[in-house]
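The lines below spell out each chain.
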Amino acid sequence: MEREVAAQYIDKIFTGSCQTMAELPDASIDCVVTSPPYEKMKRYSNSAEDNGNYGGLEFIEKLRPAVKELFRVLKDDGSTFINFQHSRVGGFTSPTLHAFPAMLEHAGFRIVQTITWLKTNAEPTKDARVLKASVETIYHLAKTDAYYADKSAILAPSLWAGRDKRTHKYRPSGLSERGNWFCPALDQIHKLSLQDALRALLGADCDALPLRKAQDQ
């Protein structure tokens, strides 16, 4: 059963840990957007309570209480967006790459989709044998299949509809408007190929590979 947040908590900023959000009743929040600290990649403080000081499966266990609390306060038709980037441990990919989404599902969340964030300011890697990490993952999570989303709110006229007779390609399922995802950068880069645009944005040594098709078809 969804509940309303008490009036004294509306339009307020709380400072504290999201591991315990006693001010918020169960199933009271429409949308959550958050990002945990990087695991052992960036020192935020020397406190033992600082989750950024942990890595691997220990890091996952530190995040688990907060994820359970996020699940508790989210409405059945709400969405949670979590930006998460695994690190490297001992020269190899951290087990959090797989353990984090598994922990989300164990808490009750259902993964609607993963969104890839292309980082144009990614730091070069110190390992001469490894490409720099130029992408991070944003997990779109829901509690039920009744989650609310209004994709038509961010549609804009397609750049390609005038050149492509396959109109169904520009009419997303269930929507009457013709369009595609809106991205301001498209106004600047639409004359470039996707490969050239990514190469210009990310550089040649990143882990997002712009590959050309062998044929046009």
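Let me sum up the structure you'll find in this document.

Conventions we followed
- Residues numbered from 1 in each chain as written.
- Predicted model: local features only at pLDDT ≥ 70, side-chain atom pairs only at ≥ 80, totals over all residues.
- Heavy atoms only, no water.
- Helix = DSSP H or I, 4+ residues; strand = E, 2+ residues; numbered from the N terminus.
- Expected span 1.5 Å × (residues − 1).
- Bend = angle between axes of the 7 residues up to and from the residue.
- Buried < 20%, exposed > 50% of the residue type's maximum accessible area, 1.4 Å probe, protein only.
- Contact = heavy atoms within 4.5 Å.
- Core = buried A, V, L, I, M, F, W, Y, C linked by side-chain atoms within 4.5 Å.

1. A few points about helix α1 (residues 56-73)
For α1, spanning 18 residues, the distance from its first C-alpha to its last is 27 Å, which sits close to the expected 26 Å at 1.5 Å a residue. A maximum bend of about 35° is found in α1 at Arg64, where proline Pro65 lies one to four positions downstream. For α1, the complete set of buried residues consists of Gly56, Phe59, Ile60, Leu63, Arg64, Ala66, Val67, Glu69, Leu70 and Val73. Looking at the buried residues of α1, the elements they touch are β1 (29-34), β2 (74-84) and α2 (96-106).

2. Notes on the nonpolar core
Among the nonpolar cores identified, the biggest contains 23 residues, and Phe100 and Leu104 are the most heavily contacted of them. Put simply, the parts of the chain that give this core at least two residues each are β1, α1, β2, α2 and β6 (135-142). Top contributing element to this core by residue count: α1, with six residues. The residues contacting Phe100, other than those within four sequence positions of it, are Ile60, Leu63, Ile82, Phe84 and Tyr139.

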